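Single-letter residue listing:
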Amino acid sequence: MPLGGTLAITAGATLLAFVVTFGIARWRKRYDTVDTFWGPGFAIVALVAAPLGDGSVALRLVTALLTTIWGVRLGVHLHLRNHKLPEDPRYVRMAESAGENPALKLFVRVYLVQAVVLWFVSLPVQFAMYGDTFGVTAWLGVALWLIGFGFETIGDEQLRRFKAGPDNKGKVLDSGLWRYTRHPNYFGDACVWWGLYLLACASWVGAATILSPIAMTYTLARGTGKPLLEKGLRRSRPGYATYVERTSGFFPLPPRRVTPR
């Protein structure tokens with residue numbers, strides 16, 4: 001199928017998936033269901049696009065496999081982390097301030113917007129389905145994906161175990177990967193998407209999707225990821241300011257020496 005047809009089909013599949021997710025959220029009475037669906041949404045795009053592309057079979061299979069593994073793991077992780085907790089306060093505040101018909105407004109402002117963002121960020125995955133060969137850039141992409149997936153998975157598990165310790169309430173995790181970056185999971189997420197972008201670079205048209213990993217990295221490091229999270233941590237963790245002084249904000253680096261005050 002021509003690339004334009006695939007893009008149209010994945011756009012429709014993405015919209016339909018978010019409509020279904022919104023219905024599930026209404027049934028659960030939790031609008032933060034959209035967070036759990038974020039990762040699996042990319043898996044859906046990859047699995048829809050893979051059989052429609054006409055590029056290298058190896059490139060299509062690897063791209064779909066890596067995207068699906070990343071997306072499913074993220075979805076399971078977020079579900080296990082959130083399902084026993086109260087709804088994310090951000091969505092509660094949005095619903096309370098939406099006025100009349102809050103469901104419609106949240107669908108447009110959250111679900112529809114995220115559908116567009118997901119489809120745009122997934123463009124490298126879709127374009128990779130039309131690459132001719134599994135060459136050097138593809139191998140580099142797999143290597144970078146593995147690094148990113150490792151950082152994200154290990155970082156999430158280290159944080160889960162730390163939070164499970166009853167003596168760690170109110171404390172700051174500063175060991176393991178968290179000793180070298182304040183957000184190993186976000187750094188890993190960015191690496192995953194730059195890796196998938198390299199898979200798309202099997203063709204020049206795929207290389208033109210560079211804005212997608214840039215948008216994902218910006219969101220994680222400067223947008224709704226790191227800044228919003230750290231704003232809350234500075235208020236709730238007394239030692240977080242000192243942790244910030246000695247620990248890199250995104251890229252893993254050796255801890256800085258902090259002079260006692």
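In this report, the structure presented in the accompanying data block is examined. Keep in mind it's a predicted model, so treat the numbers as computed, not measured.

Analysis parameters
- Residues numbered from 1 in each chain as written.
- Predicted model: local features only at pLDDT ≥ 70, side-chain atom pairs only at ≥ 80, totals over all residues.
- Heavy atoms only, no water.
- Helix = DSSP H or I, 4+ residues; strand = E, 2+ residues; numbered from the N terminus.
- Rg over C-alpha atoms; globule rule 2.2 N^0.38 Å.
- Buried < 20%, exposed > 50% of the residue type's maximum accessible area, 1.4 Å probe, protein only.
- Contact = heavy atoms within 4.5 Å.
- Areas by Shrake-Rupley, 256 points an atom, 1.4 Å probe, with all protein chains shown as cover.
- Lys, Arg positive; Asp, Glu negative; His and termini not counted.
- Charge placed at Lys NZ, Arg CZ, Asp CG, Glu CD.
- Polar contact = N/O pair within 3.5 Å; in protein donor to acceptor, adjacent residues only side chain to side chain.
- Salt bridge = Lys/Arg side-chain N within 4 Å of Asp/Glu carboxyl O.

## Considerations on the overall build of the protein
Next, step 1: When helices and strands are tallied, the protein shows 12 helices and zero strands.
Next, step 2: Ordering the α and β elements of the protein from the N terminus gives α-α-α-α-α-α-α-α-α-α-α-α.
Next, step 3: Over its C-alpha trace the protein gives a radius of gyration of 19 Å, about what one expects of a compact globule, namely 18 Å for 261 residues.
Next, step 4: Seen along its three principal axes, the alpha-carbon backbone of the protein occupies a region of about 60 × 50 × 25 Å.
Next, step 5: Every one of the 261 residues in the protein was classed for burial, and the buried ones make up 47%.
Next, step 6: Counting contacts in the protein only where the partners sit at least 6 residues apart, residues at least 24 apart contribute 77% of the total.
Next, step 7: Total accessible area on the protein stands at roughly 13,700 Å², and carbon and sulfur atoms take up 68% of it.
Next, step 8: Side chains of the protein give 29 positive and 16 negative charges; the mean places of these two sets differ by 6 Å.

## Digging into the side chain of Ser56
Next, step 1: Within the secondary structure, Ser56 sits in the loop between helix H2 (33-49) and helix H3 (57-82).
Next, step 2: Looking at Ser56, its side chain comes within polar contact range of the main-chain nitrogen of Ala58, at 3.4 Å.
Next, step 3: Each residue touching Ser56, except ones within four places of it in the same chain, is listed here: Gly131, Asp132, Thr133 and Phe134.

## Describing the pattern of salt bridges
Next, step 1: Following the criterion strictly, the structure yields six salt bridges and no others.
Next, step 2: Put simply, Asp156 and Arg73 hold a salt bridge, and the shortest N to O gap is 2.9 Å. Residue Asp156 is found in helix H7 (residues 136-164), and its partner Arg73 is found in helix H3; the two are separated by 83 residues along the sequence. The burial state of Asp156 is the same as that of Arg73; both residues are buried.
Next, step 3: Among the salt bridges present, the one from Glu157 reaches Arg161, with a minimum N-O distance of 2.8 Å. Of this pair, Glu157 and Arg161 are both found in helix H7, four residues apart, which corresponds to roughly one turn of the helix.
Next, step 4: With relative accessibility at 28%, the residue Glu157 sits in the partly exposed group.
Next, step 5: Connected via shared salt-bridge partners are Arg73, Glu152 and Asp156.

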